[in-house]
Amino acid sequence: MFYLGFYKGLPADYIIKFVNGKVKKQGHGISFFYSKRKATILAVPAVTKDSFFVFNEKTKSFQSVTIQGQFTYRIIDYNKITQLLDFSVDPDTNTFNTDDAEKLSQRIINAVQLYTKEEIAGLTLEETLAGAQNIVKNVMDKISSSRELSEMGMECLSIYFTSISPTPEIAS
């Protein structure tokens, strides 16, 4: 009886129960009994997540700008993402066994930074400061059409730049 446990999943998580390496049960917020010796439980976030970013880039006129913003993303294919990252949880504390869940937002930040760099590299400082909405639209279009997120089972829902500012020396 000491090797039997009960797991109650959160409604905001997609739970996958593995027994001896095979999926035995899966679904949103499911609960079940499990063998502590044989089962592995994954809890994949099934809700939208917001992440913030700050990075520096250079314009066509070699002026540095600081870009701050946020994006919203969600996981749409739980099986794809669990093949790439470890979402296993400790059933007693419901905490992740690794920091792989935190890596999700960093992967999107990298894509946002790459596409933003491409956009800003062709603009002067003045065009960059005045054209934030166009830059965001172009970056969002590139992310939506890229395969990298869909291959991970993720989608980016929105991107916002809250601030694009030049270095303090230039702003004065």
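Structure first, text after, so check above.
The model shown is predicted, which means the values in this text are computed figures rather than measured ones. (Residues numbered from 1 in each chain as written. Predicted model: local features only at pLDDT ≥ 70, side-chain atom pairs only at ≥ 80, totals over all residues. Heavy atoms only, no water.)

A. Quick peek at the packing of helix α2 (residues 100-120) against helix α4 (residues 132-145). Remark: α2 packs on α4, axes separated minimally by 9 Å, with the N-to-C direction vectors making an angle of 130°. When the interaxial angle is binned, α2 and α4 end up oblique. Considering the relative orientation of α2 and α4, their crossing is right-handed. Side by side, α2 and α4 meet where Ala-111, Val-112, Tyr-115, Thr-116, Glu-118, Glu-119 and Ile-120 of the first sit next to Ile-135, Asn-138, Val-139, Lys-142 and Ile-143 of the second. Looking at the contact of α2 with α4 residue by residue, the class counts come to seven nonpolar, two polar and three charged. (Axes fitted to C-alpha atoms, helices over the stretch in contact; angles between N-to-C directions. Helix = DSSP H or I, 4+ residues; strand = E, 2+ residues; numbered from the N terminus. Parallel < 35°, antiparallel > 145°, perpendicular 65-115°, else oblique. Left-handed = near helix turned anticlockwise from the far one by under 90°. Contact = heavy atoms within 4.5 Å. Nonpolar A, V, L, I, M, F, W, Y, C, P; charged D, E, K, R; others polar.)

B. Broad picture of the pairing of strand β2 (residues 13-19). Summarising burial for β2: six of the seven residues are buried, a large majority. In this sheet, strand β5 (residues 39-45) lies alongside β2 in antiparallel orientation, the contact comprising seven bridges. Looking across to β5, one finds that Tyr-14 is bridged to Val-44. As paired strands, β2 and strand β3 (residues 22-28) are joined by six bridges and run antiparallel to one another. Counted as the bridge partner of Val-19 is Lys-22 from β3. Between β2 and β3, which pair antiparallel in sequence order, lie two residues; one of them, Asn-20, sits at a positive phi of approximately 55°. (Buried < 20%, exposed > 50% of the residue type's maximum accessible area, 1.4 Å probe, protein only. Pairing = 2+ DSSP bridges.)

As far as function goes, none of this settles anything; it's purely spatial.
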